[in-house]
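Commentary on secondary and tertiary structure
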Amino acid sequence: MAIPFFKEMRIGGYLLKQKLLGRKRYPLVLMLEPLFRCNLACVGCGKIDYPDAILNRRMTAQECWDAADECGAPMVAIPGGEPLIHKEIGEIVRGLVARKKFVSLCTNALLLEKKLDLFEPSPYLFFSVHLDGLRDHHDKAVSQKGVFDRAVSAIKAAKARGFTVNVNATIFDGHPAEEIAKFLDLTVELGVGVSMSPGYAYERAPDQEHFLNRTKTKKLFRDVFAMGKGKKWNFMHSGLFLDFLAGNQEYECTPWGMPARNIFGWQKPCYLLGEGYAKTFKELMDTTDWDTYGTGKYEKCADCMAHCGYEPTAATAALNNPLKAMWVSLRGIKTTGPMVPEIDMSKQRPAQYIFSEQVQKKLSEIRKDEALAAEQKAARKASTAA
Ligand code: SF4
Ligand code: SF4
């Protein structure tokens, strides 16, 4: 998912309005997951480990539009699962664009070329293609050969049709900085913007060995940025977020900045971490105990430096301190010298594990829905026969 922070005046205007209204917590990007089903099974994915009955569920187009209206964020990112599997995806995107939402459709691109006709180029729409690195690296990350070539071909086809395309890369431990730098050179050749984020250590991801810890993340990004001096890598991030990744800013996350809505409801507290669900956006904002989440507060947040938690923090920091933001963008990312001190982890509360409980609850709702639908169908049939 790539979010062109500050590249659009409307986002800056929205931020300023929230500040003038004195709002403490407000959303910047709605993370809309209309389905969890995917046509890949990446080793670092924490989104697809559900029973079939849940993977078969879809949010309706109306539910998607209602979520966007309810939350009011100026941008909607559509990850998943794989959104292009959703039969109504063209309609969903059209409805969001009609609402003048900036839409980032996140896709692994396997279906992109085939489905381009569902969409129309618009300044409000961009595709964000999942590409974790160069050919061998990406194909290994997604556990399937040939995916890199198909994604690159789809990027070219979409660009040729006038669509804006970015790529999003999740970075894991063991990815050499030199290779990441070559991958970033490739994005320049392809003429696409890029967003990069260290992978969040999803508890349900099949590969638990390769998530980066905070120290390794900062060191790796410093090495990568040092190689980028003088190059034209087009990051879809604010300078302060990149500076944070390089260990030069001490930030706490802003979990409500990118709230997630999926088939379970509004996810507490953030896109990465499912610790319960609210029925409405208002309920999410009012009933989540925000102070109990974040690095240093909760074990599951210990190594998180993901953009969906920290980009909104960086955006607010830039708004509150534009001179600092300007200085970082003029100076570039500092890749040497001491880093800011690490957050104290000694008082974090222990992790709670409620995944199975949530899945069981959803499954029993699905069974009830199905039983009700069957009853209604039988009643209709009986009344037609009578
Ligand atoms: S493409 Fe995305 S949603 Fe699908 S398995 Fe990979 S990481 Fe998960
Ligand atoms: S640190 Fe913040 S953004 Fe990251 S998982 Fe925890 S609550 Fe979510």
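See above for the structure.
Residues numbered from 1 in each chain as written. Chains lettered and ligands numbered in written order. Predicted model: local features only at pLDDT ≥ 70, side-chain atom pairs only at ≥ 80, totals over all residues. Heavy atoms only, no water.

**Details of the layout of surface pockets**
Formally: Method remark: on a 1 Å grid restricted to protein atoms, a set of points is classed as a cavity if a 1.4 Å probe fits but cannot get out and as a pocket if it is open with protein on both sides within 12 Å along at least five of seven lines; lining residues have an atom within 4 Å of a point. Grid points are joined across faces, edges and corners, and a volume is the space filled by probe spheres set on the points. The numbering of helices and of strands both runs from the N terminus, where a helix is a DSSP run of H or I of at least 4 residues and a strand a run of E of at least 2. Gly is placed with the polar residues, together with every amino acid not listed as nonpolar (Ala, Val, Leu, Ile, Met, Phe, Trp, Tyr, Cys and Pro) or charged (Asp, Glu, Lys and Arg).
Taken as a whole, the largest pocket encloses approximately 990 Å³ of empty space. In terms of residue count, the dominant contributor to the lining of the largest pocket is strand β6 (residues 193–198) (four residues). Residue composition of the lining of the largest pocket, by class: 23 nonpolar, 16 polar and six charged. A volume near 510 Å³ is recorded for the second largest pocket. Every residue lining the second largest pocket is counted, 21 residues in all, and those nearest its centre are F264, G265, Y277, K362 and E365. Put simply, the parts of the chain that give the lining of the second largest pocket at least two residues each are β7 (260–262), β9 (274–278) and α14 (355–385).

**Things to note about the packing of aromatic side chains**
Put simply, the rule reads: Two rings belonging to Phe, Tyr or Trp (six-membered ring only in the last case) form a pair when the distance between their centres is within 6.5 Å. Interplanar angles under 30 degrees mark stacking, angles over 60 mark edge-to-face geometry, and anything in between is tilted. A 1.4 Å probe rolled over the protein chains alone gives each residue an accessible area, and that area as a share of the maximum for its type sets the label: buried under 20%, exposed over 50%, partly exposed in between. A ring is considered to have a charge above it if a Lys NZ or an Arg CZ atom is located within 6 Å of its centre and within 35 degrees of its normal.
Under the criterion given, the structure shown has 20 aromatic pairs. With 6.3 Å between their ring centres and 80° between their planes, Y14 and Y26 make a pair best called edge-to-face. Placement of Y14 in helix α1 (residues 9–20) and of Y26 in the loop between α1 and β1 (29–32) is noted, with a sequence separation of twelve residues between them. Taken individually, Y14 and Y26 each receive the classification buried, so the pair is uniform in this respect. Ring centres 5.5 Å apart and planes at 85° place the aromatic pair Y293 and Y298 in the edge-to-face group. Each member of the pair, Y293 as well as Y298, carries the same accessibility label: buried. By the ring-pair criterion, three or more aromatic residues cluster together here, those being F36, Y50, F264, Y277 and F355. We note R25 situated over the ring of W256; from NZ or CZ to the ring centre the distance is 4.8 Å. When the ring centre of Y293 is taken as origin, the NZ or CZ atom of R349, which lies over that ring, is 5.0 Å away.

**Some details on the packing of helix α8 (residues 177–190) against helix α9 (residues 214–227)**
Our working definition: Axis geometry follows a simple rule: fit a line to the C-alpha atoms, using only the stretch in contact for helices, then measure angles between N-to-C directions, giving values from 0 to 180 degrees. Should an angle lie under 35 degrees it is considered roughly parallel, over 145 roughly antiparallel, and from 65 to 115 roughly perpendicular; all remaining angles are considered oblique. Two helices cross in a left-handed way if the nearer one is turned anticlockwise from the farther one by less than a right angle. They cross in a right-handed way if the turn is clockwise. In this description, contact between two residues means that some pair of their heavy atoms is separated by no more than 4.5 Å.
One can describe the packing of α8 onto α9 by two numbers: an axis separation of 9 Å at closest approach and a directional angle of 50°. The angle between α8 and α9 places the two elements in the oblique class. Once α8 is placed against α9, the crossing between them reads as right-handed. When α8 is examined against α9, the residues A177, E178, I180, A181 and L184 are found in contact with a partner set consisting of L220, D223, V224 and M227. Per-class residue counts for the contact of α8 with α9 are seven nonpolar, no polar and two charged.

**Examining the site of ligand 1**
As a reminder of what qualifies: Any residue with a non-hydrogen atom lying within 4 Å of a molecule or strand is treated as near it.
In the region of ligand 1, the neighbouring residues are C38, L40, A41, C42, C45, I48, G81, N108 and H130. For the shell around ligand 1, the per-class residue count stands at six nonpolar, three polar and no charged.

**Side note on the site of ligand 2**
To be explicit about the condition: Think of it this way: a molecule belongs to a cavity or pocket when more than half its atoms come within 2 Å of the grid points there.
Taken together, the residues surrounding ligand 2 are Y200, C253, C270, L272, L273, Y293, G294, C301, C304, G309 and Y310. Taking a 2 Å distance to the grid points as the criterion, the majority of the atoms of ligand 2 fall inside the largest cavity. Its residues placed into classes, the shell around ligand 2 shows nine nonpolar, two polar and no charged.

**Describing α8**
Put simply, the test is: Helix span, expected: 1.5 Å multiplied by one less than the number of residues in the helix.
Taking 1.5 Å per residue as the helical rise, α8 with its 14 residues ought to reach 20 Å, and the 20 Å between its terminal C-alpha atoms agrees with that figure. Structurally, α8 contributes buried residues whose contacts are with α7 (147–160), β5 (164–171), β6 and α9. Following α8 by one or two positions, G191 has its phi on the positive side, about 75°.

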